[in-house]
Amino acid sequence: MVALVAASTHSAGEVRCVAPPHGATGWVGVELVSLDETVGGGSFFYEARATVSLVLPLLGPVEGGSRLTVLGSHFRESSALACRFGHGSGAVAVAARLVSAAQLECVSPVVPGASARAVEVSSNGQQFSTGGAAFTYARAAAVSAVWPVQGSAEGGTPLTVYGSGFTAASESLGYLQCRLNATVVRGQLLGDGTGVVCRSAAVAAGYVAVEVSTNGLDFTADGVQYESVWSAEIGRASCRERV
């Protein structure tokens, strides 16, 4: 079946028209007709509309930079493949990378404030998916201090990491983590939300950088440290303090 749609002239070498509905995916021929005469033509590809079902992780900092995994269907390779965060005038679109027809990756952009935003996908930069999954922007976490300032090199020392931006939502999702140099351990939120308790891992003696993640992906970079020492050294230090 041939569909005819109106076209508008934008320059001597450009006309524009809106693609009509089509019953199947695939290539179709497009012809430009003027005064009942065909004056040009080409091809146009109809695709299935992409859908978004889940974005992981579920939250990230307002500063952006979180590498997100977007799950859904009908994704395809395209130079215009994009993720859009939010709707309307405040929406922000960023480039996406195709992993498979059901998965792509994009990096969360900077936004002005904490809020939940729908993530939609487009392969042509014009039509986006609808009803996408939510990604929540939260205030970025920060680490200001750790107590005690010494911990056992054998591991197992309860460390209280003080700072801000720690939330019960992150804890309930299993995202709240401490990173001790390169070792990641689960964290537990203090009742007042001002700190995270985690147990030290077995590490070599020396200074250990402590950072926190509230989404299981992005960690702080504040450089707060505690000193890892062998248990016998901690005991001798305690004896010296009592003298």
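Just above, that's the structure.
Right, let's walk through the structure included here. Fair warning: this is a prediction, and the values are worked out from it, not measured in the lab.

## Overview of the overall build of the protein
Thought 1: Looking only at helices and strands, the protein has 2 helices and 21 strands in total.
Thought 2: Against the compact-globule benchmark of 18 Å for 243 residues, the protein has a radius of gyration of 27 Å, which places it well outside the compact range.
Thought 3: Taken along its principal axes, the extent of the C-alpha atoms in the protein is 105 × 30 × 30 Å.
Thought 4: Put simply, the protein has 243 residues, and 35% of those count as buried.
Thought 5: Sequence-distant contacts in the protein: of pairs separated by 6 or more residues, those separated by 24 or more amount to 54%.
Thought 6: Summed over its atoms, the accessible surface of the protein is roughly 13700 Å², and 55% of this surface lies on carbon and sulfur atoms.
Thought 7: Each charge class in the protein can be summarised by its mean position, and for the 14 positive and 18 negative side chains these summaries are 8 Å apart.

## Structural notes on the environment of Thr160
Thought 1: Its location among the elements puts Thr160 in strand S15 (residues 158–164).
Thought 2: Looking at Thr160, the relative accessible area reads 16%, which means it is buried.
Thought 3: In this structure the C-alpha to C-alpha distance between Thr160 and Leu189, which are 29 residues apart in sequence, comes to 9.5 Å.
Thought 4: Setting aside chain neighbours within four positions, we find Thr160 in contact with Ala145, Val146, Trp147, Leu190, Val196 and Val197.

## Quick look at the packing of aromatic side chains
Thought 1: Summed over all chains, the structure comprises 5 aromatic pairs.
Thought 2: An aromatic cluster is defined as three or more aromatic residues linked by ring pairs; in this entry it consists of Phe85, Phe135 and Tyr137.
Thought 3: Directly above the aromatic system of Phe128 lies the positively charged group of Arg84, at a separation of 4.4 Å from the ring centroid.
Thought 4: Its guanidinium or amino end placed over the ring of Phe219, Arg179 lies 4.6 Å from that ring's centre, counting from NZ or CZ.

## So, the side chain of Gln177
Thought 1: Its location among the elements puts Gln177 in strand S16 (residues 177–180).
Thought 2: Residue Gln177 is classed as buried on the basis of its relative accessible area, which comes to 18%.
Thought 3: Residue contacts for Gln177: discarding those within four places in its chain leaves Val184, Val185, Gly187, Glu211, Val212, Ser213, Gly216 and Phe219.

## Topic: the pattern of salt bridges
Thought 1: Within the structure shown, the criterion is met by 4 salt bridges.
Thought 2: Between Arg76 and Glu47 there is a salt bridge, and its shortest N-O distance comes to 2.2 Å. With Arg76 in the loop between strand S7 (67–73) and strand S8 (82–85) and Glu47 in the loop between strand S4 (37–46) and strand S5 (51–56), this pair connects stretches of sequence that are 29 residues apart.
Thought 3: Relative accessible area serves as the criterion here: at 32%, Arg76 is assigned to the partly exposed category.

## Some details on the nonpolar core
Thought 1: The biggest cluster of nonpolar side chains holds 20 residues, and the ones touching the most others in it are Val55, Val70, Cys83, Phe85, Leu104 and Val121.
Thought 2: Those elements that place two or more of their residues in this core are S5, S7, S8, strand S9 (92–100), strand S10 (103–107), strand S11 (115–122) and strand S12 (133–138).
Thought 3: With 3 residues, the single largest contributor to this core is S12.
Thought 4: Those residues in contact with Leu104 that sit more than four places away from it in its chain are Leu68, Thr69, Val70, Phe75, Leu81, Cys83, Ala96, Arg97, Leu98, Val99 and Val121.
Thought 5: Membership of the second largest hydrophobic core comes to 19 residues, among which are Val143, Leu176, Leu180 and Ala201.

## Section: the environment of Leu189
Thought 1: In this fold, Leu189 is placed in strand S18 (residues 188–189).
Thought 2: For Leu189, a relative accessible area of 17% corresponds to the buried category.
Thought 3: The spacing of Leu189 and Arg84 is 105 residues in sequence and 32 Å in space, taken between C-alpha atoms.
Thought 4: Residues contacting Leu189, with those up to four places away along its chain left out, are Phe166, Thr167, Ala168, Glu171, Leu176 and Gly195.

Procedures and definitions
Here, residues in each chain are numbered from 1, in the same order as that chain's written sequence. For a predicted model such as this one, the threshold for reporting local features is a pLDDT of at least 70, and the threshold for listing and counting side-chain atom pairs is 80 or more; totals across whole chains, interfaces and linings nevertheless cover every residue. Excluded from the side-chain calculations are hydrogens and water; all other atoms, namely the structure's heavy atoms, are used. Starting at the N terminus, helices and strands are each numbered in turn, a helix being any DSSP run of H or I of at least four residues and a strand any DSSP run of E of at least two. Atoms considered for the radius of gyration are the C-alpha atoms alone. The globule rule reads 2.2 Å times the number of residues to the power 0.38. Using a 1.4 Å probe on the protein chains alone, a residue whose accessible area is under 20% of its type maximum counts as buried, one over 50% counts as exposed, and one in between counts as partly exposed. Contact criterion: two residues are considered in contact whenever any of their non-hydrogen atoms come within 4.5 Å of each other. All accessible areas in this document rest on Shrake-Rupley with a 1.4 Å probe, and a residue is counted as covered only by the protein chains that are shown. The positive count covers Lys and Arg only, the negative count covers Asp and Glu only, and His and the chain ends enter neither. Think of each charge as sitting on NZ of Lys, CZ of Arg, CG of Asp or CD of Glu. Paired rings are identified among Phe, Tyr and Trp, the last through its six-membered ring, by centres lying within 6.5 Å, and are further divided according to the angle between planes into stacked (under 30 degrees), edge-to-face (over 60) and tilted (the rest). Criterion for a charge above a ring: Lys NZ or Arg CZ within 6 Å of the ring centre, and within 35 degrees of the ring normal. We define a salt bridge as a contact between a side-chain nitrogen of Lys or Arg and a carboxyl oxygen of Asp or Glu at a distance within 4 Å. To qualify as a nonpolar core, a set must consist of buried Ala, Val, Leu, Ile, Met, Phe, Trp, Tyr and Cys residues joined through side-chain atoms within 4.5 Å.

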